[in-house]
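Okay, here's what each chain looks like letter by letter:
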Amino acid sequence: MPDSRWISATDRIRIDSVMASEQEKKRQRVKQLLGKPGNGICADCGAADPEWASYTLGVFVCHSCSGLHRNIAHISKVKSLLLDPWSPSELEFMDSVGNIAAKAKYEQIVPAFYYCPTYKDCLLVRDQWIRAKYERKEFICVERQEGYSAGYREGFLWKRGRDNGQYLSRKFILSEREGVLKYFNKHDAREPKAIMKLNTVNATFQPAKIGTSHGLQITYLKDNSTRNIFVYHEDGKEMVDWFNAIRAARFHYLQVAFPGALNSELLPQLTRNFIKEGYMEKTGPKHTEGFKKRWFTMDDRRLMYFKDPLDAYARGEVFIGSKENNYTVLPGLPPNIQGNLWQFGITIVTPDRKFLFACETDKDQKDWMEAFQTVINRPMLPQEYAVEAYFKHKP
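The text that follows walks through the structure, step by step, so that each part is easy to find. Computed from a predicted model, the values in this text were never measured in an experiment. (Residues numbered from 1 in each chain as written. Predicted model: local features only at pLDDT ≥ 70, side-chain atom pairs only at ≥ 80, totals over all residues. Heavy atoms only, no water.)

**Comments concerning the pattern of salt bridges**
Thought 1: Inspection of every chain in the model, using the stated rule, returns 23 salt bridges.
Thought 2: Ionic pairing is found between Asp299 and Arg272, a salt bridge with its closest N-O pair at 2.6 Å. Taken as a pair, Asp299 in strand β12 (residues 292-299) and Arg272 in the loop between α9 (263-266) and β11 (276-282) lie far apart in primary sequence, 27 residues in all.
Thought 3: On the accessibility criterion, Asp299 (4% relative accessible area) is buried.
Thought 4: Given the relative accessible area of 29%, Arg272 is considered partly exposed.
Thought 5: Connected through shared salt-bridge partners, Arg29, Lys36, Glu92 and Asp95 make up one network. (Salt bridge = Lys/Arg side-chain N within 4 Å of Asp/Glu carboxyl O. Helix = DSSP H or I, 4+ residues; strand = E, 2+ residues; numbered from the N terminus. Buried < 20%, exposed > 50% of the residue type's maximum accessible area, 1.4 Å probe, protein only.)

**Observations concerning helix α3 (residues 88-96)**
Thought 1: All of the buried residues along α3 are Glu90, Leu91 and Met94. An end-on view of α3 places all buried positions within 100° of arc, on one side of the element. Seen from the open side of α3, the exposed residues pointing more than 90 degrees away from its buried face are Pro88, Ser89 and Ser96.
Thought 2: The first or second residue beyond α3 is Gly98, which carries a positive phi of 85°. (Arc of directions from axis to C-beta.)

**Structural notes on the pairing of strand β14 (residues 316-319)**
Thought 1: Side-chain alternation along β14 places Gly316 and Val318 on one buried face and Glu317 and Phe319 on a second face that is also buried.
Thought 2: Sheet topology note: the strand β13 (residues 302-306)/β14 ladder contains four bridges and is antiparallel. In the strand pairing of β14, Leu303 is matched with Val318. (Pairing = 2+ DSSP bridges.)

**A closer look at the packing of aromatic side chains**
Thought 1: Going through the model one piece at a time under the given rule, you end up with 22 aromatic pairs.
Thought 2: Between Tyr106 and Tyr134, the aromatic rings sit 4.9 Å apart at their centres with planes inclined by 75°, giving edge-to-face as the arrangement. Highlighted residues: Tyr106 in helix α4 (residues 98-106) and Tyr134 in helix α5 (residues 123-135), separated in sequence by 28 residues. For the pair formed by Tyr106 and Tyr134, the shared burial category is buried.
Thought 3: Consider the rings of Tyr390 and Phe391, whose centres lie 5.9 Å apart with planes at 85°: the pair is edge-to-face.
Thought 4: Residue class for Tyr390 comes out partly exposed when judged on its relative accessible area of 27%.
Thought 5: For Phe391, a relative accessible area of 13% translates into the label buried.
Thought 6: An aromatic cluster is defined as three or more aromatic residues linked by ring pairs; in this entry it consists of Phe113, Tyr114, Trp129, Phe139 and Tyr148.
Thought 7: Looking at Lys276, its charged tip hangs above the ring of Trp368, at a distance of 5.2 Å from the centre.
Thought 8: When the ring centre of Tyr279 is taken as reference, the NZ or CZ atom of Lys293 above it lies at 4.5 Å. (Phe/Tyr/Trp six-rings, centres within 6.5 Å; stacked < 30°, edge-to-face > 60°. Lys NZ or Arg CZ within 6 Å of the ring centre and 35° of its normal.)

**Digging into the sheet that holds strand β4 (residues 152-160)**
Thought 1: One open sheet holds the seven strands; their spatial order is β7-β6-β5-β4-β10-β9-β8, and the pairing between them is antiparallel. Each edge of the open sheet is held by one strand with a lone partner, namely β7 (194-197) and β8 (202-205). With direction set aside, neighbouring strand axes in the sheet form an average angle of 35°.
Thought 2: Looking at chain direction, β8 and strand β9 (residues 216-222) are connected through four bridges and run antiparallel. In the sheet register, Thr204 faces β9, and the bridge partner there is Gln217.
Thought 3: Along the sheet, helix α8 (residues 236-257) contacts β4, β5 (167-175), β6 (180-184), β8, β9 and β10 (225-232); its crossing angle with β4, the most-contacted strand, is approximately 125°. (Axes fitted to C-alpha atoms, helices over the stretch in contact; angles between N-to-C directions. Contact = heavy atoms within 4.5 Å.)

**Some thoughts on empty space enclosed by the protein**
Thought 1: Considering all chains together, one arrives at three cavities of 30 Å³ or more under this definition.
Thought 2: Taken together, Lys159, Arg160, Gly161, Arg162, Arg227, Asn228, Ile229, Phe230, Leu310, Asp311 and Ala312 form the lining of the largest cavity.
Thought 3: Those elements giving two or more residues to the lining of the largest cavity turn out to be β4 and β10.
Thought 4: Broken down by element, the lining of the largest cavity gets its largest block of residues, four residues, from β10.
Thought 5: Per-class residue counts for the lining of the largest cavity are four nonpolar, two polar and five charged.
Thought 6: Within this model, the second largest cavity holds a volume of roughly 40 Å³.
Thought 7: At the level of secondary structure, the elements contributing two or more residues to the lining of the second largest cavity comprise α6 (146-149), β4 and α8. (1 Å grid on protein atoms, 1.4 Å probe; cavity = no way out; pocket = protein on both sides within 12 Å on 5 of 7 lines; lining within 4 Å. Points joined across faces, edges and corners; volume = space filled by probe spheres on them. Nonpolar A, V, L, I, M, F, W, Y, C, P; charged D, E, K, R; others polar.)

**Details of the sheet that holds strand β17 (residues 354-359)**
Sheets are built from strands paired through backbone hydrogen bonds, the pairs being either parallel or antiparallel.
Thought 1: Pairing is antiparallel across the open sheet formed by seven strands, whose spatial order is β14-β13-β12-β11-β17-β16-β15. Each of the sheet's edge strands pairs with one partner strand only, and the pair in question is β14 and β15 (328-331). Between one strand axis and the next, the sheet turns through 35° on average, direction left out of account.
Thought 2: Bridge analysis of β12 against β13 gives five bridges, and the strand direction is antiparallel. Within β13, the residue paired with Met298 across the bridge is Leu303.
Thought 3: Across the sheet, helix α11 (residues 382-392) touches β13 and β14, and the angle it forms with β14 is around 130°.

As structure tokens, then:
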């Protein structure tokens, strides 16, 4: 082999040109593969324009999901489509599989109630979705779905104490037959500390708020007021199984309650993320007392405020109806209002009174206005009129 020091300048240019040409061919090949149906979005979370791929599974994934694939390196090995070298055989394999074929294989029997995450969801849910598909093969073998599809689940979760904020191990039982989720303060207790009816239960992952990547917030109605409990488990699979078990039980409850309804109508009701959360200042009904900083949660049509984000009970709840029923949201505060430290005001007008809030920044104000407007623009459902009536007659 000739010493590279003696390669002429002309030969060096020719070699560089050939290498650049090969690189360009591979780049065009990658572009062609990404242009095939299904490959233009992440196989696992649906994010657009994936730039990574698992060359052992044959799927195209986003940067975030590629990191989660590294957690199952014994099954999935990933490369950057643009920065890493690809052999012709690897590209041929990617061409022979692709996202649509992989979905047909690994998502054969995903239960209707099972939560399939998007790129907006927390890492835990996406990590367990990827593990369920490729590592545990839960959607190829139905027997592997027993943990969340049996209609009954029992186990221990760490639950935050209502008063002291300490997390203590509590026994939880989910019973589809009884239509309840309940927990017990002592492991050998006969009577549950709380019984949550499945028709009002919601579950949403809140890792940032709870301070653990596996943190789940469960809400339910008690005397038509919202009650929060905060739980977690060290095992991510255990936590996601509880979440999907709650969804399964609610799905079957709704199927019985609304026998003529389509799955497409029921599935959005199984669990819901909050429309918006964050701090605002508020004043009282007479608008004469000083504004106080509170944590607000917009849960469907219920706007709740808390002294602390992890409080068990809301200090107050406001029903937000639709524009057809004379609910409006306005930027700013009425003239002569005082006592607010934050300058970006919001006024919500209801048929009975005005609610005044103040936001810290212009962006916060715009985001909250958008959240309120989304709810107000949506026509009210028949059952929501009963909720509105309750709020109007609430003492």
